[in-house]
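Structural overview for review
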Amino acid sequence: MDNSPPPPSALNNFRILYLVTQLVGITIIILVSCWIGIHLNGLGWSSRPSIQFNWHPLLMSVGMIFLYGNSILIYRGFRYARKKPLKITHATIHGAAFIFTVVALVAVFDSHNLAKPNPIPNMYTLHSWVGLSAVILFSLQYVFGFGAYLFPGVREQLRASYMPVHVFFGVAGFVMAIAAALLGLLEKAIFSVPNYAALPPQAVLINTIGLLYIVYGGLVVFLVTERQYKRHPLPEDVMLLTHSGSVGSS
């Protein structure tokens, strides 16, 4: 396997695509915020369950889309940083995404259970099934990843053998999150947009957000799977690995 660093042209392409990815992600959050503020009556909590739901698409877009994608890309986006701080940053971003996700789930369940005059059923749509599956996979990834790569005393051989599994299911969970977001947008549009077929402004905005989800997801997956963009170990990483291996074998 070729372990030589990528050519400068490849890194220039990576930097451009990485910047575009960040701009698309930020645009998604801005457009979701505009959608909520203009068309969905803003934000509220349990005293106003009809709009408490609005936290769900916003926080899921921030947590399970934007932060999740950035956590996946952290090693390639900051390739010249030392590996240990990158591990901690990776775990921290995942942790922040998890907190946003939990609050988003509380918001949607509250908005259903507290709806008046009758509660709205939970967990019957394809969106809810795919979304909850993505959250469960994301949570398991976080727990096992933390145990494998941040818990002291784990042998480097075990970490290396688990890495392909960690990478695959990390990307799989992110793709599931994108799919759940698209299903959620469609569900909300069908239930809430009058005359959706005529493409009123809210429908155009929802469809635009959906397309940007696809663009963002595609860019993240491409950047994290393209071999030329892989981060190569720094000399400090090799020294740390050798030191930790010698300590573990002593």
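The structure contained in this document is the topic of the report that follows.

About the criteria used
Residues numbered from 1 in each chain as written. Predicted model: local features only at pLDDT ≥ 70, side-chain atom pairs only at ≥ 80, totals over all residues. Heavy atoms only, no water. Salt bridge = Lys/Arg side-chain N within 4 Å of Asp/Glu carboxyl O. Helix = DSSP H or I, 4+ residues; strand = E, 2+ residues; numbered from the N terminus. Buried < 20%, exposed > 50% of the residue type's maximum accessible area, 1.4 Å probe, protein only.

Glancing now at the pattern of salt bridges. Across all of its chains, the model carries one salt bridge by this definition. With a shortest N-O distance of 3.6 Å, Glu156 and Arg159 are connected by a salt bridge. Residue Glu156 and its partner Arg159 are both found in helix H6 (residues 156-192); the two are separated by three residues, about one turn of the helix.

For the peptide bond that leads from Lys116 to Pro117, omega is 5°, which places it in the cis range. Considering the arrangement of structural elements, one finds Pro117 in the loop between helix H4 (83-113) and helix H5 (126-149). With a phi angle near 55°, Met123 is a residue other than glycine that sits in the positive phi range. Its place among the elements puts Met123 in the loop between H4 and H5. Given a relative accessible area of 32%, Met123 falls into the partly exposed group. With a phi angle near 55°, Leu199 is a residue other than glycine that sits in the positive phi range. Relative to the elements of secondary structure, Leu199 occurs in the loop between H6 and helix H7 (201-225).

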